[in-house]
2 protein chains.
Amino acid sequence: MVSVQDNSSDANREVNGPPTPLWFYFDFISPFGYLASLRVDALAARYGREARWQAMLIGVSVMKVMGLKPVPQTPLKGPYTRRDLLRYARRHGISLARDFDAPPPYPIPGARAFHWLDSADPVVAKSFARALFAAYWQQGRDIGSVAEVARIGEGVGVEGAELVAAIASGGEGDVLLRSAVDRSLALGVFGSPFFIVDGEPFFGLEKMELLQDWLEQGGW
Amino acid sequence: MVSVQDNSSDANREVNGPPTPLWFYFDFISPFGYLASLRVDALAARYGREARWQAMLIGVSVMKVMGLKPVPQTPLKGPYTRRDLLRYARRHGISLARDFDAPPPYPIPGARAFHWLDSADPVVAKSFARALFAAYWQQGRDIGSVAEVARIGEGVGVEGAELVAAIASGGEGDVLLRSAVDRSLALGVFGSPFFIVDGEPFFGLEKMELLQDWLEQGGW
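Cut-offs used in this document
- Residues numbered from 1 in each chain as written.
- Chains lettered and ligands numbered in written order.
- Predicted model: local features only at pLDDT ≥ 70, side-chain atom pairs only at ≥ 80, totals over all residues.
- Heavy atoms only, no water.
- Helix = DSSP H or I, 4+ residues; strand = E, 2+ residues; numbered from the N terminus.
- Buried < 20%, exposed > 50% of the residue type's maximum accessible area, 1.4 Å probe, protein only.
- Contact = heavy atoms within 4.5 Å.
- Buried area = accessible area lost by both parts, 1.4 Å probe.
- Salt bridge = Lys/Arg side-chain N within 4 Å of Asp/Glu carboxyl O.
- Polar contact = N/O pair within 3.5 Å; in protein donor to acceptor, adjacent residues only side chain to side chain.
- Nonpolar A, V, L, I, M, F, W, Y, C, P; charged D, E, K, R; others polar.

Enquirer: Would you explain the side chain of His-115 of chain B in this entry?
Expert: All names here are of chain B. Mapped onto the fold, His-115 is located in helix α6 (residues 108-120). The exposure class of His-115 is buried, given its relative accessible area of 5%. Residues in contact with His-115, not counting those within four places in the same chain, are Gln-54, Ala-55, Leu-176, Leu-177 and Ala-180.

Here it is, written out as structure tokens:
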């Protein structure tokens, strides 16, 4: 199911260049994706990897492809997951401006903007993603609004009007997001956060320790 | 959602007696439940707790109450979870006699037997549960068969004919299992393994490290 993005062995890597990236998939509307975003670069750097961020859409993977309800609306799992989130936030001294049970924002403008920026410069896209995550989860702003997404883009040096054109329906961002979502599904990515390193998939914030062990040991 | 089984603080505990148990919920058909069963007693003992085992039915919680498909049949998540299971087993040197994707055994006779035994003696019930888990996941036997369950019961000193009567429809085991499943649902238990300690819920094999931190620190 999970295709191998780059299957170079450690030996090949020495010949072929730097280690392959740690791929980090997230949906901006996912609180666990946000919490993972605060840690993933440090984790990757510790093992000489670059974290490559990729926006995906759980509305497509979870609801359309898997045929599941959103977690907050799933009996038993919804209340448990809310509690688990608050337990994590409390432990790490993080306060969230949005409740787990609140209606999610419209994820499309941010995700389109991310992929449009990423196609030109992954570093700018990552700065944008950090700012968008913070705008929603720390400041409680409406990241489903095109105007808000444009403002956040301007904050990382992107021309607002250009961004607005790119994230319109049929715009470059629209096309890029569609193919990115297809690609993530083909790789088996279904939730947020999701990580792939050397073809090995890890789902969930709580898998970051296992992912670290995997990087440390070079797999098993 | 999650009721508090025993909310005594550390201070109360000193007055009131020994620490409350670590409740461990599992379904015999769940490979992750089996893997947790291999570790839960040592974890509890390390913090002066007793692990109290409780059979539940994911066919009721996941399929009926939550309205979800079985994980192996869930697109994307099924193949991922299979891979995650094999990765864990490989790391811990465990080989499983049954494949994750194989049709599950009929879970009722074993679960009824467990609760019938547990109502008389939790220690015997735990020995029985260990033997049943091993029979399925290590030896590949059909634990959905009443005759097999009776044999496993005899292996831990239970009279086979008595056990067979108890696990018949309408028998004591049937009644006890129904109320145990209702109780677990009322406590918010939905998956296998699931742990509750001092009212705090933890779902999944991968939460055992967090559970350990919780026991170590007395919560946060």
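Next comes the rest of the write-up.
Enquirer: How should I be thinking about the interface of chain A and chain B in this particular structure?
Expert: Accessible area lost when the parts come together is the quantity often used to give the size of an interface. On the chain B side, the residues contacting the 36 residues of chain A number 36 residues. Summed over both partners, the interface of chain A with chain B comes to about 3,300 Å²; 57% of that surface belongs to carbon and sulfur atoms. By the criterion of area lost to chain B, the three top residues of chain A are Leu-76, Tyr-80 and Arg-91 of chain A, representing 22% of everything that side buries. Note that Arg-83 of chain A and Glu-200 of chain B form a salt bridge whose closest N and O atoms lie 2.7 Å from each other. There are 22 residue pairs in polar contact (both at pLDDT 80 or more) connecting chain A and chain B. Those elements that provide at least two residues to the side of chain A that touches chain B are α4 (58-65), α5 (77-91), β4 (200-203) and α11 (208-217) of chain A. Grouping the constituent residues of the side of chain A that touches chain B by class yields 19 nonpolar, six polar and eleven charged.

Enquirer: Just to check I follow, could you spell out the pattern of salt bridges for this structure?
Expert: Pairing is possible between side chains that carry opposite charge, provided their charged atoms lie close to one another. Evaluated as defined, the whole model comprises 34 salt bridges over all chains. With a shortest N-O distance of 3.0 Å, Asp-84 of chain A and Arg-87 of chain A are connected by a salt bridge. Placement of the pair is Asp-84 of chain A and Arg-87 of chain A together in helix α5, with a separation of three residues, close to one helical turn. A residue is classified by how much of its surface remains accessible, and Asp-84 of chain A, at 9% relative accessible area, is buried. Residue Arg-87 of chain A is classed as buried on the basis of its relative accessible area of 1%. A salt bridge links Arg-112 of chain B to Asp-174 of chain B; the nearest nitrogen and oxygen atoms lie 3.6 Å apart. Here Arg-112 of chain B, found in helix α6, pairs with Asp-174 of chain B, found in helix α10 (residues 172-186); they are 62 residues apart in sequence, far enough to count as distant. Asp-174 of chain B matches Arg-112 of chain B in its accessibility class, with the two residues each being buried. One network of salt bridges, in which partners are shared, links Arg-83, Asp-84, Arg-87 and Glu-206 of chain A together with Glu-200 and Lys-207 of chain B.

Enquirer: So what exactly am I meant to see when it comes to unusual backbone geometry here?
Expert: Most peptide bonds take the trans form, and the phi angle of most residues other than glycine is negative. The step from Ser-192 of chain A to Pro-193 of chain A runs through a cis peptide bond, and the omega angle for that step is 0 degrees. With respect to the helices and strands, Pro-193 of chain A occurs in the loop between α10 (172-186) and β3 (194-197). Within the chain, Leu-76 of chain A stands out as a residue other than glycine whose phi angle is a positive 65 degrees. Mapped onto the elements, Leu-76 of chain A comes out in the loop between α4 and α5. Residue Leu-76 of chain A is classed as buried on the basis of its relative accessible area of 11%. Unlike most non-glycine residues, Asp-198 of chain B shows phi in positive territory, near 50 degrees.

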